[in-house]
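Architecture at a glance
Now for the letters of each chain:
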Amino acid sequence: MITEIAPAPERVTSPPTRARKKRRAWDEVPRRHIYVPLAVYLLFTLVPFYWILLFALRPAGSTSLVPWPMTFDHFEKVWNERAFGTYFQNSVLVGLATLVMTTLVALAGGYALARFDFRIKKGFMLALLCTQFVPGALLLVPLFEIFANLRMINSLGSVILAETVFQLPLSMILISGFIRNVPYSLEEAAWVDGCNRFTAFRIVVLPLLRPGLIAVGSFAFVHAWNHFLFALMFLSDQGKQTIPVGLNTLMSADSVDLGALAAGGIIAAVPVVIVFAFIQKWLITGFSAGAVKG
């Protein structure tokens, strides 16, 4: 007996929604409308960097738009004659010390803000936010008086302490947001297993905060590396100056050594570029963690 196979029912398609229509409209945009503005922006961004490389690599007195023949005399001059090797070491010390101190203190304060409730918590958070509106130049005189009484003038410790204090408010707020995204139940489970609060934090919470800590620490390092004002005001000995102040010494009222200044700028920029090239994945993950509610 032959049975007739019924035809398959026609699939009822729903009309495309507004979101689908927008997506199709975006997909149909010509690629040149995307690539041309990006190319213009990239050209606008890279031309200044090429100009710096041109002055740093071409011989003194040359007007060529191509750095050929290429020379590294400007780098040798600023590194040896202008003591940029010493400036570089001082900047590394200030940046790393600021990174460590800011991360440790902000981690403790951020945990307290995220996990504990106290009366002045909202007021304290508001005060932390308000400190971001106070420029550092406004506090130079009182800071100088404090460090003078502590006999810390002309010491790298004064710059490290000032940089740490100015980085702490924002870092503490960011880390508290990262900690809030970690479920509190994970710590409670560790307590049930016999861990105390510190051990539970070290074993359970701290590994999950790695992207956030890298993001906060990298910004603290870059800010301390590039900051000019504190080093200029608190350090008088040339052997204790940092790279931003060293760049300022290459400019005088009568003349500017453009080749040496460009070489010094590249020396100052390359370490930061290398650091961000290695940690960009952690930075993106850290900002995503801070933007998504756990």
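Up top is the structure.
Here's a quick rundown of the structure. (Residues numbered from 1 in each chain as written. Predicted model: local features only at pLDDT ≥ 70, side-chain atom pairs only at ≥ 80, totals over all residues. Heavy atoms only, no water.)

Regarding the packing of helix α4 (residues 84-115) against helix α10 (residues 210-226)
- Close contact between α4 and α10 brings their axes to 8 Å; oriented N to C, the two are set at 140°. Considering only the axes of α4 and α10, their crossing is right-handed. Residues F88, S91, V92, V94, G95, L96, T98, L99, T102, T103 and L107 of α4 pack against L213, G217, A220, F221, A224 and W225 of α10.
- Its residues assigned to classes, the contact of α4 with α10 comprises 11 nonpolar, 6 polar and no charged. (Axes fitted to C-alpha atoms, helices over the stretch in contact; angles between N-to-C directions. Helix = DSSP H or I, 4+ residues; strand = E, 2+ residues; numbered from the N terminus. Left-handed = near helix turned anticlockwise from the far one by under 90°. Contact = heavy atoms within 4.5 Å. Nonpolar A, V, L, I, M, F, W, Y, C, P; charged D, E, K, R; others polar.)

Quick notes on the nonpolar core
- In terms of nonpolar packing, the biggest core is built from 20 residues, with F75, V78, F84 and I243 touching the most fellow members.
- Listing elements by their share of this core, those giving two or more residues are α2 (32-57), α3 (73-81), α4, α10, α12 (243-249) and α13 (258-291).
- Excluding anything up to four places from it in sequence, I243 contacts F84, Y87, F88, S91, W225, I267 and A268.
- Counting residues in each nonpolar core, the second largest holds 16 residues, with L156, V159, A224 and L235 among its members. (Core = buried A, V, L, I, M, F, W, Y, C linked by side-chain atoms within 4.5 Å. Buried < 20%, exposed > 50% of the residue type's maximum accessible area, 1.4 Å probe, protein only.)

What about the side chain of E187?
- Following the sequence through the fold, E187 ends up in helix α8 (residues 184-192).
- Relative accessible area serves as the criterion here: at 0%, E187 is assigned to the buried category.
- The contact partners of E187, leaving out residues within four places of it in the chain, are Y111, R115, A200 and V205.

Some words on the packing of aromatic side chains
- On inspection of all chains with the given rule, the structure shows 13 aromatic pairs.
- Over the face of the ring belonging to F55 we find R58, whose NZ or CZ atom lies 4.6 Å from the ring centre. (Phe/Tyr/Trp six-rings, centres within 6.5 Å; stacked < 30°, edge-to-face > 60°. Lys NZ or Arg CZ within 6 Å of the ring centre and 35° of its normal.)

Functional significance is not addressed by these values, which are geometric in nature.
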